[in-house]
Amino acid sequence: MDIAKKVGENLKFARTAKGITQKQIAAELKKYQSDYSEYETGRIQLDYEKIVYLCKRFDITPNDLFGFD
């Protein structure tokens, strides 16, 4: 599995665990929901600022996001 797809799956898991919709988080990032969904499918890779923001927002570590133990 490629890293972008793994990150996307972990991102989706963290978001849904917090009960947040794609539309809500997309609005926080000043993105369209369809653009945000591409992060979760691994079609678009996150930049550093978004990684930091989303980890803080979902209360996860970068290791959680990237699937490292």
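Residues numbered from 1 in each chain as written. Predicted model: local features only at pLDDT ≥ 70, side-chain atom pairs only at ≥ 80, totals over all residues. Heavy atoms only, no water.

(A) Structural detail: helix α1 (residues 3-17). Across its 15 residues, α1 extends 21 Å between first and last C-alpha, which sits within 8% of the 21 Å expected from 1.5 Å per residue. For α1, the set of buried residues is Ala-4, Val-7, Gly-8, Asn-10, Leu-11, Ala-14 and Arg-15. Buried residues belonging to α1 abut α2 (22-28), α3 (33-41), α4 (48-58) and α5 (62-66). For α1, the side-chain oxygen to backbone nitrogen distance between the N-cap and Ala-4 is 3.1 Å, and the N-cap itself is Asp-2. (Helix = DSSP H or I, 4+ residues; strand = E, 2+ residues; numbered from the N terminus. Expected span 1.5 Å × (residues − 1). Buried < 20%, exposed > 50% of the residue type's maximum accessible area, 1.4 Å probe, protein only. Contact = heavy atoms within 4.5 Å. Polar contact = N/O pair within 3.5 Å; in protein donor to acceptor, adjacent residues only side chain to side chain.)

(B) Up close: the nonpolar core. Membership of the largest hydrophobic core comes to 16 residues, with the highest contact counts inside it found for Leu-11, Tyr-36, Leu-46, Leu-54, Phe-58 and Leu-65. Within the residue set of this core, elements represented by two or more residues are α1, α2, α3 and α4. The biggest single contributor to this core is α4, with 4 residues. With residues up to four places along the chain from it excluded, the contact list for Tyr-36 reads Leu-11, Arg-15, Gln-22, Ile-25, Ala-26, Leu-29 and Phe-58. (Core = buried A, V, L, I, M, F, W, Y, C linked by side-chain atoms within 4.5 Å.)

(C) Examining the pattern of salt bridges more closely. Throughout the structure, instances matching the rule amount to 4 salt bridges. Taking the shortest distance from any N to any O, the salt bridge between Lys-50 and Asp-47 comes out at 2.9 Å. Classification of Lys-50 as buried rests on a relative accessible area of 14%. (Salt bridge = Lys/Arg side-chain N within 4 Å of Asp/Glu carboxyl O.)

(D) The packing of α1 against α3, seen in detail. Contact geometry of α1 with α3 gives a least axis separation of 6 Å together with a crossing angle of 115°. Every residue of α3 that contacts α1 at Ala-4, Gly-8, Glu-9, Leu-11, Lys-12 and Arg-15 is listed here: Tyr-36, Tyr-39 and Glu-40. By residue class, the composition of the contact of α1 with α3 is 4 nonpolar, 1 polar and 4 charged. (Axes fitted to C-alpha atoms, helices over the stretch in contact; angles between N-to-C directions. Nonpolar A, V, L, I, M, F, W, Y, C, P; charged D, E, K, R; others polar.)

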